[in-house]
Amino acid sequence: MADLTKTEAWAALTAHEKTLSRMHIRDLFAADPRRLDWSITEAAGLTLDISKNRITGETLKLLVDLANARDVAGWRGRMAAGESVNTSEGRAALHMALRGTCGRDADLGAGPVGPTVKEALKRFLDFARGVHDGSITGPSGKRFETVIHIGIGGSDLGPRLVADALRAHNKNGISVRFVANIDASELLHALEGTDPETTLFVVASKTFTTQETIENAKSARTWLEAVLPKADVPAHFAGVTANTDAARVFGIADAQIFPFWDWVGGRFSVWSSVGLSLALAIGADGFEDFLAGAAQMDEHFCTAPFEQNMPVLLALVGLWNRNFLECSAHAVLPYDHGLSLLPSYLQQLEMESNGKSVQRDGAPVDAPTSPAVWGVAGTTGQHAFYQWLHQGTDIASSDVILPLKPHHHLTGHHDILTAHAIAQAEALAFGRNAEETKVELAAEGLSGAQIQNLLRHRTFPGNRPVSVLTMERLTPKTLGALLALYEHKVFTQGILWNINSFDQWGVELGKTVAGRALEALVGEGRLEGFDASTRRLIEAARIARSSKPSGT
Ligand code: F6P
């Protein structure tokens, strides 16, 4: 594939950007009274408004030309057909098939994946139903009251986010907790107040070799073994993995091992049996609704023309902000406390997928790829980093995400929350110019001299690009659609940049060095291979671990 910046579509965008560079989002609104006609899209219960970006109808047209030039539709088809779009690992990426949509007919050698997916889904949802109705218990016959999900990265963030966001849908009385960190504090915290007899551990790991997950699972096993007869312990574990042999070796019974496959990327796996803990939290029916919402978004992504294709538009606007406006940071600003974990989820989805410097064939990329993605739920984040967003020297793009109706009865709170979301989107895009600021300060009773002193501090440049996503309510369906939307955005951007969004070699080096460091810390490992700074750290850690623990 030709380098992105060598394409005609790129050249056209570059020329076009020059014509826009002096225009403020305010000017763009003033110049086009029909702006909302082309900048609002609806799909799968979500509404996307891209009008508060520094774009015009012409920008969008040129961006769509770029999507066509990069053959986004062709790659989408290849992904759905089960081709090895994960080129560096020689794997397909069939997460859409998990929702029963595009990709379900793909045949990777053993017949279409659709029926295999259905069977696996039925098995883990039946298990969840059995735990809920008490037909599946520990050997003592007591119902499970606590589920502790052990996993990390893609085997953690999805079910953790969705279970948290849909807490109101947990009608089963089961407390579902999550443990990812190798820092035992998280496991110990999750174990607090739990009873081994009524606790089920779900160990989720695609490889079943991830150090953090396996160490946490072993400690969980030791915790159970301290109280329960050894023979009873396996019944307190379920395993979710593409490496069923390793789960068996760990001691999990076949009936409680739920498979998924190498063609499901970790960060695209919440729809697979990795979602078992989620089904245990929101119920099997809730989980099916979650899949149905994603399926609606898939159908839309696979069929809608690019001009009205929500994931494609989000991807194109993201590329415009990143490559033409040089936004190296992107803020995820959910105005729903339940979506507090969404920024972390999207951090992995976007940054692990598209934080790459080489193209599929190994050539260096010729345009910057994923921005840094971060965020905090509103309004909490407003009191932390919004100062930087509004008046900092760098310009970040943002997504404001707002469910219009609350899932609680304190509607007054929701009105205030909604007003803040609307206000922030407006303030970021439009700012407050000197004239408006003067009026505002005069209304506050400030003198002419005081106004002059404060004017520069109290004006807001605005012109910060913001996309606004709304939905009527946060439900399993709309959340499914929301996560699928971002998956397709990430895929589309990967195609535009010609990078492989499905590998993550960048996390490997740290793992290798950690292995050597652990060996040097606790084993016979030598210090020689390390630099002076690292040697000093290892020595300090050696001294700390050989001295008696203090306090607790
Ligand atoms: O962070 C690296 C990574 O490989 C992720 O891609 C993955 O989601 C995570 O580790 C966990 O891997 P596993 O599911 O194999 O334990």
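Because the structure is predicted, anything quoted here is derived from the model rather than measured.

Here's the deal with the site of the ligand
Stage number 1. In the vicinity of the ligand there are 14 residues, among which G154, S155, S205, T207 and T210 approach most closely.
Stage number 2. Take S205: an N or O atom from its side chain is 2.6 Å from an oxygen atom of the ligand.
Stage number 3. Residue T207 places a side-chain N or O atom 2.7 Å away from an oxygen atom belonging to the ligand.
Stage number 4. For the ligand, the protein covers 86% of the area, taking 400 Å² as the surface of the free molecule.

Remarks on the nonpolar core
Stage number 1. Ranked by internal contacts, the top residues of the largest apolar core, which has 117 residues, are L276, L342, L479 and L482.
Stage number 2. If one sorts the elements of this core by residue count, helix α11 (residues 276–303) sits on top with 14 residues.
Stage number 3. Among all residues touching L342, those that are not within four sequence positions of it are L161, V332, P334, I401, L482 and L483.
Stage number 4. In this structure, A190, A217, A247 and I257 belong to the second largest nonpolar core, which totals 21 residues.

Focus: the domain arrangement of the chain
Stage number 1. Considered domain by domain, the chain is made up of domain 1 (4–69 + 304–379 + 474–497), domain 2 (99–289) and domain 3 (505–546).
Stage number 2. The C-alpha centroid of domain 3 is placed 40 Å from the C-alpha centroid of domain 1.

A few points about the sheet that holds strand β9 (residues 372–374)
Stage number 1. Spatial ordering of the open sheet is given by β1-β2-β11-β10-β8-β9, a layout of six strands whose pairing is mixed. The outermost strands of the open sheet, each flanked by one partner alone, are β1 (40–43) and β9. This sheet shows a mean twist of 15 degrees between the axes of neighbouring strands, independent of strand direction.
Stage number 2. Pairing of β1 with strand β2 (residues 46–49) involves four bridges; the strand directions are antiparallel. In the strand pairing of β2, T41 is matched with L48.

Topic: helix α5 (residues 72–80)
Stage number 1. All of the buried residues along α5 are V72, G74, W75, R76, M79 and A80.
Stage number 2. Of the residues flanking the end of α5, it is G82, one or two places downstream, whose phi is positive at about 85 degrees.

Some details on the sheet that holds strand β6 (residues 237–241)
Stage number 1. With respect to topology, five strands assemble into an open sheet ordered β4-β3-β5-β6-β7, the strand pairing being parallel. Looking at the sheet topology across the chains shown, the edges are occupied by β4 (175–179) and β7 (257–259). For this sheet, the mean angle separating the axes of adjacent strands, direction not counted, is 20 degrees.
Stage number 2. Across the sheet, helix α6 (residues 113–133) touches β5 (199–204), β6 and β7, and the angle it forms with β7 is around 145 degrees.
Stage number 3. Its contacts with the sheet place helix α9 (residues 211–225) against β3 (146–150), β4, β5 and β6, and it is angled at close to 160 degrees to β5.

Focus on the pairing of strand β10 (residues 397–403)
Stage number 1. Most of β10 sits inside the fold, with seven of its seven residues counted as buried.
Stage number 2. Burial of β10 is two-sided: the residues S397, D399, I401 and P403 facing one way and the residues S398, V400 and L402 facing the other way are all buried.
Stage number 3. Direction of pairing for strand β8 (residues 329–334) relative to β10: parallel, over a ladder of five bridges. Of the residues in β10, the one forming a bridge with L333 is V400.

Description of the state of the cysteines
Stage number 1. Following the criterion strictly, the structure yields one disulfide and no others.
Stage number 2. The partner cysteine of C102 in its disulfide is C302, sulfur to sulfur 2.4 Å. What sets the handedness of the C102 and C302 disulfide is the S-S torsion sign, and at about 135 degrees it is right-handed. One end of the pair, C102, is in the loop between α5 and α6; the other, C302, is in helix α11, and 200 residues separate them in sequence. Just as C102 is buried, C302 falls in that class too.

Criteria and cut-off values
Residues numbered from 1 in each chain as written. Predicted model: local features only at pLDDT ≥ 70, side-chain atom pairs only at ≥ 80, totals over all residues. Heavy atoms only, no water. Near = heavy atom within 4 Å. Polar contact = N/O pair within 3.5 Å; in protein donor to acceptor, adjacent residues only side chain to side chain. Areas by Shrake-Rupley, 256 points an atom, 1.4 Å probe, with all protein chains shown as cover. Core = buried A, V, L, I, M, F, W, Y, C linked by side-chain atoms within 4.5 Å. Buried < 20%, exposed > 50% of the residue type's maximum accessible area, 1.4 Å probe, protein only. Helix = DSSP H or I, 4+ residues; strand = E, 2+ residues; numbered from the N terminus. Contact = heavy atoms within 4.5 Å. Domains from an automatic or database assignment. Pairing = 2+ DSSP bridges. Axes fitted to C-alpha atoms, helices over the stretch in contact; angles between N-to-C directions. Disulfide = S-S within 2.5 Å.

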